[in-house]
Amino acid sequence: MTNKRYQTLRLILGDQLNASHSWFQHQQKDVLYVMMEVAQETNYVRHHRQKVLAFFAAMRNFAKALTSKGFDVHYLRLDDEQNTGSITDNLAALLARYPDAQLQCQLPDEYRLDHQLRSWAGAENITIEWFDSEHFLTQRNCLDKIFKSDDSLLMETFYRHMRRRLGILMDGDKPLGGKWNFDADNRKKLPKNVTVPEPLCFANDVSDIDTMLSNCGIATLGNAQPQRLLWPTSRAQARQLLSYFCQHLLPYFGTYQDAMALPEQHQHAWSLFHSRLSFALNSKMLSPLEVVTNVVEHWQQRPDEIELNQVEGFVRQIIGWREYVRGIYWRFMPNYKNQNQLQHQRDLPGFYWDADTHMNCVRQAVQQSLDYAYAHHIQRLMITGNFALLAGVNPDHVDAWYLGIYIDAIEWVELPNTRGMSQYADGGILATKPYVASANYVHKMSHYCSDCYYQHNQKTGDKACPFNSLYWHFIDRHQQAFAQNQRMSMMYSVWHKKTPSEREQILQQAQRYLDNMNTL
Ligand code: FAD
Ligand code: SF4
């Protein structure tokens, strides 16, 4: 850093790597850009090693790109002597050094950081000039404008509003193809004869960062190959991943969106037809608009190869779900983080950390998460999330696991998905019914059951699949919460048609499993 006197300090957080931001469109002599690797961020939860490596590598590349364009960047490495480990303490030190400087920040996406910066500034009498991060398609309070009350915050309503507002896949005021949603054509099990392209993996050498993490004693989880980090760590790589998706994966994205890999494919096709763009998006190396625009353009150029249902399924995830969960987060934080509507209190079983379980579906999903810091949506929702919900695990523990293990996990998107969609801890704000399923579903959508120690078609007995009795235990113990829910009425009628002794045996089986959860 030079001895210049800066008039402005601009903080760039680790997930604000948006090269198109207006901050970077013109060089300004008196501006110092500030980036920092801080212990408060590596330690607020135990993260996957690949996640910390990928964020720091992407931040360093971003800083390098800014410097090469002539911007002044003050980059604090985790092991820099002046680094206090705290964002606000580091900022205070810089402001002491440049007493005339005005502090500018982009709005953080996490409540935690927003609160930290605002309360520090308030206490220290520092004025922060706030800027939008210029990434999202909506504002934090977008749901207030679309929904009058909290009673029916339907994603589908939000999604249609976004399609109309952005004019994406529209024919005038009507949805292209006559339907808003092509789910009926999607959600197929993966047949054995479909070849899944290998995921595009980079080989970024981040061993210097890895050594630094070890020297600084940063505790992480999961496996990593620091000489070959597979995640994109620059905008150029993020763009490559996007074009690989459009070229090779988009033609089947919708059809196999809910499928799970065949056992023999786990080694080379662990992400199936999913884009794996979430890290590039959440770090803001890619913008959501550029992603959907590229996808729609590819479809327009190759109409014979790519059907509308594939494209619509993908567009819905980005302009629908992604923006919607952010709206939910900002509408309900900070209380959302403490919701535990179903009063679940059990500990997360140990096999979530080491994949040591006889349940093949859980073993595969957890092992894959440990190896790649990635599992696709259905593994997160219907395998690990479903099991935790059936077993009545405390949502605080479930949140901490999801927030740590996934490459894309940042609280604004992790929390509504985990606590809301997956654990129903928000009492139905985000999902109209709990996402619970027995082995029937897993067997229908995957090939896990045929290779499992447990029998997917048994509810009781030594080898009965735990998902089955736990499913009915969940239904039984939450009768009061769900018996009136129209979407659950069929489950309750099936449960009540069973004889009292059958019900008793199932509940006893579930209780045995719950009492010995770590041995399953
Ligand atoms: P694709 O299947 O290719 O989808 C494309 C993009 O759509 C994703 O990159 C993502 O940006 C967006 N998207 C899809 N579904 C969702 C969704 N439900 N919410 C928000 N965006 C979505 N996503 C995260 O980015 N971070 C998280 O921490 C996270 N935690 C989750 C926890 C649980 C329990 C569940 C059920 C889902 C979670 N998701 C999270 C949503 C989703 O699973 C991931 O976005 C997706 O698996 C990322 O892989 P992909 O890029 O290959 O996605
Ligand atoms: Fe999972 Fe049960 Fe199927 Fe085994 S039998 S893979 S535990 S659903």
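Above this note sits the structure.
Draft legend 1. Representation of unusual backbone geometry in the model. Put simply, Met-333 and Pro-334 share a cis peptide bond, and its omega is 5°. Along the chain, Pro-334 turns up in the loop between helix H11 (308-332) and helix H12 (351-354). The backbone of Asn-125 shows a phi angle near 60°, a positive value even though the residue is not glycine. With respect to the helices and strands, the residue Asn-125 is situated in the loop between helix H4 (111-124) and strand S5 (128-131). On the basis of relative accessibility, which here comes to 70%, the residue Asn-125 falls in the exposed class.

Draft legend 2. Spotlight on the site of ligand 2. In the vicinity of ligand 2, the residues found are Met-359, Cys-361, Ala-439, Val-442, Tyr-448, Cys-449, Cys-452, Tyr-454, His-456, Cys-465 and Phe-467. Using a 2 Å cut-off from the grid points, one finds that ligand 2 occupies the second largest cavity. Here the residues of the shell around ligand 2 sort into 10 nonpolar, 1 polar and no charged.

Draft legend 3. Up close: helix H7 (residues 207-215). Those residues of H7 not exposed but buried are Ile-209, Asp-210, Met-212 and Leu-213. An end-on view of H7 places all buried positions within 160° of arc, on one side of the element. For H7, the elements touching its buried residues are helix H2 (49-68). One or two steps after H7, the chain reaches Gly-217, where phi turns positive at roughly 70°.

Draft legend 4. Here's a closer look at the site of ligand 1. By nearness alone, 29 residues border ligand 1, and His-274, Ser-275, Arg-276, Asn-282 and Tyr-374 come closest of all. Residue Gln-317 places a side-chain N or O atom 3.2 Å away from a nitrogen atom belonging to ligand 1. Computed on the free molecule, ligand 1 has an accessible area of 820 Å², of which 99% lies beneath the protein chains in the complex. Listing elements by their share of the shell around ligand 1, those giving two or more residues are helix H9 (278-282), H11, helix H14 (377-390) and helix H16 (411-422). Split by residue class, the shell around ligand 1 holds 14 nonpolar, 10 polar and 5 charged.

Draft legend 5. Broad picture of the layout of surface pockets. In this structure, the second largest pocket occupies an estimated 270 Å³ of space. Residue lining of the second largest pocket: 16 residues in total, with Cys-201, Gln-225, Arg-228, Leu-230 and Tyr-372 positioned closest to the centre. Tallied by class, residues from the lining of the second largest pocket come to 8 nonpolar, 5 polar and 3 charged.

Draft legend 6. Just empty space enclosed by the protein, in detail. Per the stated rule, a full pass over the model turns up 5 cavities of 30 Å³ or more. The computed volume of the largest cavity comes to approximately 350 Å³. Along the wall of the largest cavity there are 22 residues; nearest its centre are Gly-14, Asp-15, Glu-41, Phe-55 and Met-59. When grouped by side-chain class, the residues that make up the lining of the largest cavity number 14 nonpolar, 3 polar and 5 charged. By volume, the second largest cavity amounts to about 100 Å³. If you trace the second largest cavity, you find 14 residues lining it, with Cys-361, Cys-449, Cys-452, Tyr-454 and Cys-465 closest to the centre.

Draft legend 7. Representation of the environment of Ala-58 within the structure. Along the chain, Ala-58 turns up in helix H2. The class for Ala-58 is buried, based on a relative accessible area of 2%. With 460 residues separating them along the chain, Ala-58 and Asn-518 place their C-alpha atoms 37 Å apart. Dropping the residues within four chain positions of it, Ala-58 is found in contact with Leu-17, Thr-233, Phe-279 and Met-285.

Draft legend 8. Here's a closer look at the nonpolar core. Grouped together as the largest cluster of nonpolar side chains are 161 residues, with contacts concentrated most on Leu-213, Val-311, Val-315, Tyr-324, Phe-387 and Ile-475. A per-element tally of this core places H11 first, with 12 residues. One finds Leu-32, Tyr-98, Ala-121 and Ile-128 within the second-largest nonpolar core, a separate group that totals 22 residues.

Draft legend 9. View of the environment of Asn-90. Tracing the backbone through its elements, the reader meets Asn-90 in helix H3 (residues 87-97). When its relative accessible area of 2% is taken as the criterion, Asn-90 is described as buried. In the structure, Asn-90 is positioned 56 residues away from Val-34 in sequence and 9.7 Å away in space, judged by C-alpha atoms. Here Asn-90 is in contact with Met-36, Val-38, Leu-76, Gln-82, Asn-83, Thr-84 and Gly-85, once residues within four sequence places are set aside.

Draft legend 10. Fine view of the packing of helix H8 (residues 235-249) against helix H10 (residues 288-301). Running from N to C, H8 and H10 point in directions that differ by 35°, and their axes come no closer than 10 Å. By crossing handedness, the relation of H8 to H10 is classed as right-handed. Counted together, Arg-235, Arg-239, Leu-242, Phe-245, Cys-246 and Gln-247 of H8 and Glu-290, Val-291, Asn-294, Val-295 and His-298 of H10 form the full contact between these two elements. Its residues assigned to classes, the contact of H8 with H10 shows 5 nonpolar, 3 polar and 3 charged.

Draft legend 11. The arrangement of the pattern of salt bridges in detail. Counting across every chain of the model gives 24 salt bridges. Asp-408 is the salt-bridge partner of Arg-380, the closest N and O atoms lying 2.9 Å from each other. With Arg-380 in helix H14 and Asp-408 in the loop between helix H15 (395-405) and H16, the pair connects residues that are 28 residues apart, well separated along the chain.

Draft legend 12. Geometry of H15. Of all 11 residues making up H15, 8 are buried, and the element is well covered by its neighbours. Considering only its buried residues, H15 is in contact with H2, H12, helix H13 (360-372), H14 and H16. One side-chain oxygen at the N-terminal end of H15 lies 2.8 Å from the backbone nitrogen of Asp-396; it belongs to Asn-394.

Draft legend 13. Summary view of the sheet that holds S5. Taken in spatial order, the 5 strands of this open sheet run S3-S2-S1-S4-S5, and their pairing is parallel. With one partner strand each, in any of the chains shown, strand S3 (72-76) and S5 form the two edges of the open sheet. For this sheet, the mean inter-axis angle between neighbouring strands, taken without regard to orientation, is 25°. Across the sheet, H4 touches strand S1 (8-11), strand S4 (102-106) and S5, and the angle it forms with S5 is around 155°.

Draft legend 14. Spotlight on the packing of H14 against H16. At their nearest, the axes of H14 and H16 sit 10 Å apart, and the two run at 55° to each other. In terms of axis orientation, H14 runs oblique to H16. In the crossing of H14 with H16, the sense of the turn from one axis to the other is right-handed. The residues of H16 that touch H14, namely those facing His-377, Leu-381, Gly-385 and Leu-389, are Asn-417, Met-421 and Ser-422. In the contact of H14 with H16, the residues fall into 3 nonpolar, 4 polar and no charged.

Definitions and cut-offs
Residues numbered from 1 in each chain as written. Chains lettered and ligands numbered in written order. Predicted model: local features only at pLDDT ≥ 70, side-chain atom pairs only at ≥ 80, totals over all residues. Heavy atoms only, no water. Helix = DSSP H or I, 4+ residues; strand = E, 2+ residues; numbered from the N terminus. Buried < 20%, exposed > 50% of the residue type's maximum accessible area, 1.4 Å probe, protein only. Near = heavy atom within 4 Å. 1 Å grid on protein atoms, 1.4 Å probe; cavity = no way out; pocket = protein on both sides within 12 Å on 5 of 7 lines; lining within 4 Å. Sits in = over half its atoms within 2 Å of the grid points. Nonpolar A, V, L, I, M, F, W, Y, C, P; charged D, E, K, R; others polar. Arc of directions from axis to C-beta. Contact = heavy atoms within 4.5 Å. Polar contact = N/O pair within 3.5 Å; in protein donor to acceptor, adjacent residues only side chain to side chain. Areas by Shrake-Rupley, 256 points an atom, 1.4 Å probe, with all protein chains shown as cover. Points joined across faces, edges and corners; volume = space filled by probe spheres on them. Core = buried A, V, L, I, M, F, W, Y, C linked by side-chain atoms within 4.5 Å. Axes fitted to C-alpha atoms, helices over the stretch in contact; angles between N-to-C directions. Left-handed = near helix turned anticlockwise from the far one by under 90°. Salt bridge = Lys/Arg side-chain N within 4 Å of Asp/Glu carboxyl O. Pairing = 2+ DSSP bridges. Parallel < 35°, antiparallel > 145°, perpendicular 65-115°, else oblique.

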